[in-house]
Amino acid sequence: FCQAVKNGDLAEVARLLKQGVDPNCVSSDWYKTRPIILAASGGQTEILRLLLDQPALDPNLSDGLFGNTALIDASHAGNTDVVRMLVEDQRVDLNYRTKGSGITALMQAARYGHTSVVEMLVMKEEEGVNMQSGGGCTPLMLGCMAPNMAVLNDPQMFRVMLAAKGLDLTIK
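If you're wondering where the values come from, they're calculated on a predicted model, not measured in any experiment.

A.B. asks: An account of the environment of Asn60 is needed here, citing residue identities and associated values.
C.D. replies: If you trace the backbone, Asn60 turns up in the loop between helix H4 (45-52) and helix H5 (70-77). Along the chain, Asn60 and Ile72 lie twelve residues apart, while their C-alpha atoms are 9.8 Å from each other. Non-local contacts of Asn60, meaning those with residues more than four positions away in its chain, are made with Thr69, Arg91, Val92, Asp93 and Tyr96. Looking at Asn60, its side chain comes within polar contact range of the main-chain oxygen of Arg91, at 2.7 Å. Engagement of the side chain of Asn60 in a polar contact is seen with the backbone nitrogen of Asp93, the distance being 2.7 Å.

Next comes the structure, spelled out in structure tokens:
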């Protein structure tokens, strides 16, 4: 099933789901990932839609390698179409923190300078701006330390986070 998702084989994924394959299954490779993470990471929006339409799907399940969810991976990649689909699903925990590093989707988007993703996440749930990673960093801090120099040329990402109601600038 995971291989069909990874390959973008919509017909095979639909067939397997009709046969009762668990949409939450774990891949057999060393990543120990989930179908929804594979679809999100690969930008497979049609397969992602099919998976999100499954009532049994838990979109907050993480992979076995880094503990990332589909939303965290899509935010890291800056895939706005995938992030939009996930944000619109009421089951998705926008502030899910990875078990190891405590990173959230907003932190990843800010860290890699994905302004449109930051805007979507902050507009949907502002309280994420004050969350801290395991290392104590907020999304605003990660945006300032971003390895992507584009953030220096696009202040909109910072404006969005700074405009969030309840932003705590005293967090150290």
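There is more to say after this.
A.B. asks: An account of the packing of helix H2 (residues 10-18) against H4 is requested, with residue identities and associated values reported.
C.D. replies: At a minimum axis separation of 10 Å, H2 and H4 run at an interaxial angle of 10 degrees. Taken together, the axes of H2 and H4 lie roughly parallel to each other. Handedness of the crossing formed by H2 with H4: right-handed. Contacts between H2 and H4 pair Leu10, Val13, Ala14 and Leu17 from the former with Glu46, Ile47, Leu50 and Leu51 from the latter. Considering only residue class, the contact of H2 with H4 consists of seven nonpolar, no polar and one charged.

A.B. asks: Which residues make up helix H6 (residues 80-88), and what values do they have?
C.D. replies: Every α-helix carries 3.6 residues per turn, so stepping three or four residues along brings you back to the same face. Along H6, the residues classified as buried are Val82, Val83, Met85, Leu86 and Val87. In this fold, the buried residues of H6 make contact with helix H3 (35-41), H4, H5 and helix H8 (115-124).

A.B. asks: Describe H4, naming the residues involved and giving the relevant values.
C.D. replies: Ile47, Leu48, Leu51 and Leu52 are the residues of H4 that are buried. Mapping the buried residues of H4 onto a view down its axis gives an arc of 135 degrees, with all of them on the same face. The elements touched by buried residues of H4 are helix H1 (2-6), H2, H3 and H6.

A.B. asks: Tell me what's going on with the layout of surface pockets, and back it up with residues and numbers.
C.D. replies: For the largest pocket, the calculated volume is near 190 Å³. Along its surface, the largest pocket is lined by Lys6, Asp29, Tyr31, Thr33, Ile37, Leu38, Ser41, Asp63, Leu65, Phe66, Asn68 and Asp73. Examining the composition of the lining of the largest pocket, we find that three residues originate from one element, H3, more than from any other. Taken together, the residues of the lining of the largest pocket break down into five nonpolar, three polar and four charged.

The rules behind these values
Residues numbered from 1 in each chain as written. Predicted model: local features only at pLDDT ≥ 70, side-chain atom pairs only at ≥ 80, totals over all residues. Heavy atoms only, no water. Helix = DSSP H or I, 4+ residues; strand = E, 2+ residues; numbered from the N terminus. Contact = heavy atoms within 4.5 Å. Polar contact = N/O pair within 3.5 Å; in protein donor to acceptor, adjacent residues only side chain to side chain. Axes fitted to C-alpha atoms, helices over the stretch in contact; angles between N-to-C directions. Parallel < 35°, antiparallel > 145°, perpendicular 65-115°, else oblique. Left-handed = near helix turned anticlockwise from the far one by under 90°. Nonpolar A, V, L, I, M, F, W, Y, C, P; charged D, E, K, R; others polar. Buried < 20%, exposed > 50% of the residue type's maximum accessible area, 1.4 Å probe, protein only. Arc of directions from axis to C-beta. 1 Å grid on protein atoms, 1.4 Å probe; cavity = no way out; pocket = protein on both sides within 12 Å on 5 of 7 lines; lining within 4 Å. Points joined across faces, edges and corners; volume = space filled by probe spheres on them.

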